[in-house]
Amino acid sequence: QKEVEQNSGPLSVPEGAIASLNCTYSDRVSQSFFWYRQYSGKSPELIMSIYSNGDKEDGRFTAQLNKASQYVSLLIRDSQPSDSATYLCAVTTNTGGFKTIFGAGTRLFVKA
Amino acid sequence: DAMVIQNPRYQVTQFGKPVTLSCSQTLNHNVMYWYQQKSSQAPKLLFHYYDKDFNNEADTPDNFQSRRPNTSFCFLDIRSPGLGDAAMYLCATSRVGGYEQYFGPGTRLTVT
């Protein structure tokens, strides 16, 4: 069973701090990696996508991918209370068809 | 703005009474997905379409069916809803090739 694992949290950080969210995946041939933000009762919203090893920055968000270690992380700088949400990691693999597996998410609380 | 639309946003049905959920998209994406998400869980893929090519997940119950009459629309039919089918149902779209998925707002299904 191919899996995507995330710490369920909650992860609590003070306003202005860096929040670090981690995700590990089991399928070595996975090729596309995504972070989604999901507010309570709402649908997932794409935050970042990353396809190659290294860092990718977009505003306050940085995604980091290490395929050798099979982990992907999301850093949120200058965390705001509005960042409080569940963050879902998603991993796509092409094994005769593209298949995306979502993690169960990490709940983040940013304290004002 | 290009988007994914789901109707209704909230649906209440009685145990065993068929229900249909709808999804439409203006993104012109070839791939459409239906997910079921329960509280604090990862979205669970039920079906997806590459154009009109239907793909059923092995563990999707027979109680669930789907139709995609054209590129823009997709329907999820639940033939005989049980209490365990109460969940958020999410429609998503993407380009072919394992790219990011864009979600609609979801339909919250309650079974009484």
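You'll find the structure just up there.
Parameters and conventions
- Residues numbered from 1 in each chain as written.
- Chains lettered and ligands numbered in written order.
- Predicted model: local features only at pLDDT ≥ 70, side-chain atom pairs only at ≥ 80, totals over all residues.
- Heavy atoms only, no water.
- Phe/Tyr/Trp six-rings, centres within 6.5 Å; stacked < 30°, edge-to-face > 60°.
- Helix = DSSP H or I, 4+ residues; strand = E, 2+ residues; numbered from the N terminus.
- Buried < 20%, exposed > 50% of the residue type's maximum accessible area, 1.4 Å probe, protein only.
- Lys NZ or Arg CZ within 6 Å of the ring centre and 35° of its normal.
- Pairing = 2+ DSSP bridges.
- Contact = heavy atoms within 4.5 Å.
- Buried area = accessible area lost by both parts, 1.4 Å probe.
- Salt bridge = Lys/Arg side-chain N within 4 Å of Asp/Glu carboxyl O.
- Polar contact = N/O pair within 3.5 Å; in protein donor to acceptor, adjacent residues only side chain to side chain.
- Disulfide = S-S within 2.5 Å.
- Axes fitted to C-alpha atoms, helices over the stretch in contact; angles between N-to-C directions.

## Quick look at the packing of aromatic side chains
- Counting across every chain of the model gives 14 aromatic pairs over all chains.
- Centroid distance Phe-34 of chain A to Tyr-51 of chain A: 6.0 Å. Interplanar angle 85°. Geometry classified as edge-to-face. With a gap of 17 residues between them, Phe-34 of chain A in strand β4 (residues 30–38) and Tyr-51 of chain A in the loop between β5 (45–50) and β6 (54–58) connect regions that are remote in the sequence.
- For Tyr-51 of chain A, a relative accessible area of 32% corresponds to the partly exposed category.
- Joined through ring pairs, the aromatic side chains of Phe-34, Tyr-36, Tyr-51 and Phe-102 of chain A together with Tyr-33, Tyr-35, Tyr-99 and Phe-103 of chain B make up one cluster.
- The ring of Phe-61 of chain A has Arg-60 of chain A sitting right over it, with the charged end atom 5.5 Å from the ring centre.

## Things to note about the pairing of strand β11 (residues 107–111) of chain B
Residues and elements named next belong to chain B.
- Because side chains alternate across β11, one face comprises the buried residues Thr-107, Leu-109 and Val-111, and the other comprises Arg-108 and Thr-110, none of which is buried.
- The sheet contact formed by strand β2 (residues 10–13) and β11 spans four bridges and is parallel. Directly across from Val-12, in β11, lies its bridge partner Thr-110.

## Considering the interface of chain A and chain B
- Contacts between the two partners involve 20 residues from chain A, matched on the other side by 21 residues from chain B.
- When the area that chain A buries against chain B is broken down by residue, the three leading residues are Ser-43, Phe-98 and Phe-102 of chain A, summing to 32%.
- As a salt-bridge pair, Glu-57 of chain B and Lys-99 of chain A come within 3.2 Å of each other at their nearest N and O atoms.
- In this assembly, chain A and chain B are joined by eight residue pairs in polar contact (both at pLDDT 80 or more).
- Elements with a minimum of two residues in the side of chain A that touches chain B: β4, β5, β9 (85–94) and β10 (98–102) of chain A.

## Things to note about the state of the cysteines
- Applying the stated rule across the entire model yields two disulfides over all chains.
- One disulfide bridge connects Cys-23 of chain A with Cys-89 of chain A, the sulfur atoms lying 2.1 Å from each other. Across the S-S bond of Cys-23 of chain A and Cys-89 of chain A the torsion is about -75°, and the bridge reads as left-handed. One end of the pair, Cys-23 of chain A, is in strand β3 (residues 19–25); the other, Cys-89 of chain A, is in strand β9, and 66 residues separate them in sequence. Per residue, the accessibility class of Cys-23 of chain A equals that of Cys-89 of chain A, and both read buried.
- Disulfide pairing is shown between Cys-23 of chain B and Cys-91 of chain B; the S-S distance is 1.9 Å. The chirality of the disulfide connecting Cys-23 of chain B with Cys-91 of chain B is left-handed, given an S-S dihedral of about -70°. Here Cys-23 of chain B, found in strand β3 (residues 19–25), pairs with Cys-91 of chain B, found in strand β9 (residues 87–94); they are 68 residues apart in sequence, far enough to count as distant. Each member of the pair, Cys-23 of chain B together with Cys-91 of chain B, is buried.

## Re the sheet that holds strand β7 (residues 61–66) of chain A
Residues and elements named next belong to chain A.
- The strand order across the open sheet formed by five strands is β1-β3-β8-β7-β6, and the pairing between neighbours is antiparallel. Edge positions in the sheet fall to β1 (4–6) and β6, since each of these pairs with one other strand and no more. Sheet twist, expressed as the average angle between the axes of neighbouring strands with direction ignored, equals 20°.
- As paired elements, β7 and strand β8 (residues 71–76) share six bridges and run antiparallel to each other. Across the sheet, Ala-63 pairs through a bridge with Leu-74, a residue of β8.

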